[in-house]
Amino acid sequence: MDPSLFARGLILGFAIAIPVGPISLLTIRRTLAHGWTYGFASGLGVALADATYGGIAAFGLTAVTAILVGGRLVLGLVGGAVLIVLAWRTIRTPPGVAAEPTDRPGLGAAFASIFGLTMTNPMTILSFAAVFAGLGVVGRGGADAAILTLGVFFGSAAWWLVLTTAVAALRARITTGLLAWLNRASGVLLLGFAAFAIGTAVVG
């Protein structure tokens, strides 16, 4: 077992989580609307999805990879449709005071919903496979693959910890007018991501 694989997985998981996309927008939006705990729970859902795809690549499960990539049309359409619904809800959400705990789904729902949405992008697995191939760890299996996957999870989770903590710190300073603008801007961007996901899946 190579202990350095955990560190490499940690760095990779952190780096892959950083790019801004629909998942980042949703997590930021949830943190602003419901607070740090809810936002970070969502982030952990993303981290688990990253680790799931990373694990499939690390263990060299080519059959699973083929099924997921082969189903990218259906997954892309489903993911795009979900993003459209979320975009519409975001645009229509009236700005105001933070929601009470009774006005939102539970933390488990926050975790599961983001996990499911992140899993609709199976092309992520190809990114992991390419990087892992460069590291020479694809298909090694056993303890090496497990520790690499664990590193990916904690690396991704570390990024969501940083992001949601920063957003939560700014939450009290955001005015109602700014929140209304952020809702509209986020909704439009989510619609753009939805169109891209559907277009990529169809052209594919």
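Up top you'll find the structure we're talking about.
Everything in this summary refers to the structure shown in the same document. Model, not experiment: these values are computed from the prediction. (Residues numbered from 1 in each chain as written. Predicted model: local features only at pLDDT ≥ 70, side-chain atom pairs only at ≥ 80, totals over all residues. Heavy atoms only, no water.)

Another aspect to go through is the overall build of the protein chain. Of the regular secondary structure elements, the protein chain holds 9 helices and 0 strands. Start at the N end of the protein chain and walk to the C end: the helices and strands fall as α-α-α-α-α-α-α-α-α. Counting only residues that meet the buried cut, the protein chain has 40% of its 204 residues in that class. In the form shown here, the protein chain has an accessible surface area of approximately 10000 Å², with 75% of it arising from carbon and sulfur atoms. (Helix = DSSP H or I, 4+ residues; strand = E, 2+ residues; numbered from the N terminus. Buried < 20%, exposed > 50% of the residue type's maximum accessible area, 1.4 Å probe, protein only. Areas by Shrake-Rupley, 256 points an atom, 1.4 Å probe, with all protein chains shown as cover.)

Quick look at a nonpolar patch on the surface now. On the surface, L73, V74, L77, V78, V82, V202 and V203 cluster together into a nonpolar patch covering about 610 Å² of accessible area. Among the elements of the structure, helix 5 (72-92) and helix 9 (176-203) are those that each provide at least two residues to the nonpolar patch. For the nonpolar patch, the leading source of residues is helix 5, giving 5 residues. Of note, V78 is situated in helix 5. Taking the relative accessible area as the measure of exposure, V78 reaches 42% and is therefore partly exposed. (Patch = residues over 30% accessible without salt bridge, like charges linked within 9 Å, V, L, I, M, F, W, Y side chains within 5 Å. Salt bridge = Lys/Arg side-chain N within 4 Å of Asp/Glu carboxyl O.)

Once that is clear, we can look at the side chain of T27. Take T27: it is sitting in helix 2 (residues 22-34). Exposure remark for T27: the relative accessible area of 0% places this residue in the buried category. When sequence neighbours within four positions are dropped, the list of residues in contact with T27 reads G39, S42, G43, W160 and T164. (Contact = heavy atoms within 4.5 Å.)

Another aspect to go through is the packing of aromatic side chains. The description of an aromatic ring pair uses the distance of the two centres, along with the angle that the planes make with each other. As enumerated under the stated definition, the model contains 4 aromatic pairs in all. With centroids separated by 5.1 Å and ring planes inclined at 10 degrees, the aromatic side chains of W36 and F40 adopt a geometry described as stacked. Of this pair, W36 and F40 are both found in helix 3 (residues 36-58), 4 residues apart, which corresponds to roughly one turn of the helix. Given a relative accessible area of 34%, W36 falls into the partly exposed group. Members of the aromatic cluster, connected to one another through ring pairs, are F6, F153 and F154. (Phe/Tyr/Trp six-rings, centres within 6.5 Å; stacked < 30°, edge-to-face > 60°.)

Let us look at the nonpolar core. Among the nonpolar cores identified, the biggest contains 16 residues, and I23, L26, L83, W160 and L190 are the most heavily contacted of them. Among the secondary structure elements, those contributing two or more residues to this core are helix 2, helix 5, helix 6 (107-118), helix 8 (142-171) and helix 9. Apart from the residues within four sequence positions on either side, L83 is in contact with P22, L26, L117, L190, F193 and A194. In this structure, A49, I56, A57 and M119 belong to the second largest nonpolar core, which totals 8 residues. (Core = buried A, V, L, I, M, F, W, Y, C linked by side-chain atoms within 4.5 Å.)

With that settled, the discussion passes to the packing of helix 2 against helix 8. Between helix 2 and helix 8, the least distance of the axes is 9 Å, while the angle of their chain directions is 40 degrees. Looking at the two axes, helix 2 sits oblique to helix 8. Handedness of the crossing formed by helix 2 with helix 8: right-handed. Residues I23, S24, T27, I28, T31, L32, A33 and H34 of helix 2 pack against W160, L163, T164, V167, A168 and R171 of helix 8. By residue class, the composition of the contact of helix 2 with helix 8 is 8 nonpolar, 5 polar and 1 charged. (Axes fitted to C-alpha atoms, helices over the stretch in contact; angles between N-to-C directions. Parallel < 35°, antiparallel > 145°, perpendicular 65-115°, else oblique. Left-handed = near helix turned anticlockwise from the far one by under 90°. Nonpolar A, V, L, I, M, F, W, Y, C, P; charged D, E, K, R; others polar.)

Function cannot be read off these values alone, since they describe shape.
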